Amino acid sequence: MTRLHVISSANRPTSAGRPLARWIADLAREHGTFEVTPVDLAEIALPFLDEPEFPSSGNYAHQHTRDWSALIDSADAFVFVLPMYNGGFTAPFKNAVDFLYSEWQGKPVGLVSYSAGGTGGTPAAEMLLPVLTQVGLVPAARSVAVPGVLGLLGAEGFEAPEGLAAEVSGVLDDIAALVKEPATA
């Protein structure tokens, strides 16, 4: 089975991304292709990049970096669940990506963005794509944007609107295909 990490990339304690990420992780388990590990960046609590050497060296001085490296290296693929803040992706998420290099190489990634407004975080996802390709991640052909996320949170967690499960399943299909047939440079 493909080891998929579903990463909630917001650090805010009230983030709508956590219930959304849990729902995506459940959907990924139901997909039947993935062994799913939920990852919450707020729980990882990385400081701002503090390694003395470049991440591409793989020489990590700090235990928090070695732990992050092992977690990311253990995955075959990712789904990043990302909010849009002020038209872009979050600084903590960019920092988490920047901590590592070889651990990301050649691994498929699907993007599920969200926002309280009507864009669903699409500008943040579009802004993030060059960063992901720079570190060697292979983006899925499809991505998903979830607008009006605050209205989708209920007592039971995230309440997906009609059609969203099919959209996310499409991204999971893309990821599964990329794992089977890695992209060539």
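Reading the values: the criteria
Residues take numbers from 1 onward in each chain, read along the sequence in its written order. In view of the model being predicted, local features appear only for residues whose pLDDT reaches at least 70, and side-chain atom pairs are presented and counted only at 80 or more, with totals across whole chains, interfaces and linings using the full set of residues. Note: side-chain values were computed over all heavy atoms of the structure, leaving out hydrogens and water. The numbering of helices and of strands both runs from the N terminus, where a helix is a DSSP run of H or I of at least 4 residues and a strand a run of E of at least 2. Whether two residues are in contact is decided by their heavy atoms: any pair within 4.5 Å suffices. At least two DSSP bridges between two strands are needed for those strands to be called paired. Note on handedness: a crossover is taken as right-handed if, strands pointing away from the viewer, the path from the first strand over the helix to the second is clockwise. Buried residues are those whose accessible area, probed at 1.4 Å on protein chains only, stays under 20% of the maximum for their type, while exposed residues exceed 50% and partly exposed ones sit between those limits. What makes a salt bridge here is a side-chain nitrogen of Lys or Arg within 4 Å of a carboxyl oxygen of Asp or Glu, nothing more. Convention adopted: a line fitted to C-alpha atoms gives each axis, helices being fitted over their contacting stretch, and angles between N-to-C directions are expressed from 0 to 180 degrees. A clockwise turn of the near helix away from the far one marks a right-handed crossing, whereas an anticlockwise turn of less than a right angle marks a left-handed crossing. In the scheme used here, Gly and all other residues not listed as nonpolar or charged are polar, with Ala, Val, Leu, Ile, Met, Phe, Trp, Tyr, Cys and Pro taken as nonpolar and Asp, Glu, Lys and Arg as charged. Note on ring pairs: Phe, Tyr and Trp rings are taken, using the six-membered ring of Trp, and paired if centres are within 6.5 Å. Classes follow the plane angle, with under 30 degrees stacked, over 60 edge-to-face and the rest tilted.

Caption draft 1: Spatial organisation of the environment of R12. Secondary-structure assignment places R12 in the loop between β1 (2–8) and α1 (17–31). Each C-alpha atom, one on R12 and one on L41, is 9.8 Å from the other, the two residues being 29 residues apart in sequence. Those residues in contact with R12 that lie beyond four places of it in its chain are R18 and Y85.

Caption draft 2: Layout of the pairing of strand β2 (residues 34–40). Alignment of β1 against β2, held across seven bridges, turns out to be parallel. Opposite S8, over in β2, you have D40 as the bridge partner. Crossover β1 to β2 through α1 is right-handed.

Caption draft 3: Structural detail: the pairing of strand β4 (residues 108–114). The element β4 is extensively covered by neighbouring structure, given that seven of its seven residues are classed as buried. Where burial is concerned, the two faces of β4 agree: the one with P108, G110, V112 and Y114 and the one with V109, L111 and S113 are both buried. The sheet contact formed by strand β3 (residues 77–83) and β4 spans six bridges and is parallel. From the neighbouring strand, V81 faces β4, where its bridge partner is V112. Remark: the β3/helix α4 (residues 91–98)/β4 crossover connection has right-handed handedness. With two bridges joining them, β4 and strand β5 (residues 138–139) adopt parallel strand pairing. Its bridge partner being in β5, P108 is matched across the sheet by V138. Examined bridge by bridge, β4 and strand β6 (residues 144–146) share three bridges and lie parallel to one another.

Caption draft 4: Up close: the pattern of salt bridges. Tallied over the full model, the rule gives six salt bridges. R3 is the partner of D76 in a salt bridge, and the nearest nitrogen-oxygen pair spans 2.6 Å. Here D76 is found in the loop between α3 (63–73) and β3, whereas its partner R3 is found in strand β1, with 73 residues between them in sequence. Since its relative accessible area comes to 34%, R3 is described here as partly exposed. With a shortest N-O distance of 2.8 Å, D174 and R142 are connected by a salt bridge. Residue D174 is found in helix α6 (residues 164–180), and its partner R142 is found in the loop between β5 and β6; the two are separated by 32 residues along the sequence. On the basis of relative accessible area, D174 is assigned to the buried category, the value being 13%.

Caption draft 5: Spotlight on the packing of α1 against α6. Viewed as axis vectors pointing N to C, α1 and α6 meet at an angle of 60 degrees, and their least axial separation amounts to 10 Å. Considering the relative orientation of α1 and α6, their crossing is right-handed. Seen from α1, the contacting residues are W23, I24, L27, A28 and H31; seen from α6, they are L164, A165, V168, S169, L172 and D173. Its residues assigned to classes, the contact of α1 with α6 shows eight nonpolar, two polar and one charged.

Caption draft 6: Looking closely at the packing of aromatic side chains. Under the definition given, this model contains six aromatic pairs. Centroid distance W23 to F158: 5.3 Å. Interplanar angle 55 degrees. Geometry classified as tilted. A residue pair is termed long-range when its members are at least 10 positions apart, and W23 in helix α1 and F158 in strand β8 (residues 157–158) qualify at 135 residues. When its relative accessible area of 17% is taken as the criterion, W23 is described as buried. On the basis of an interplanar angle of 70 degrees and a centroid distance of 6.4 Å, the ring pair of W68 and W104 is categorised as edge-to-face. One end of the pair, W68, is in helix α3; the other, W104, is in the loop between α4 and β4, and 36 residues separate them in sequence. A single burial state applies to W68 and to W104, both of which are buried. Each member of the aromatic cluster is reached from another via a ring pair, and the members are W68, F78, F80, F93 and W104.

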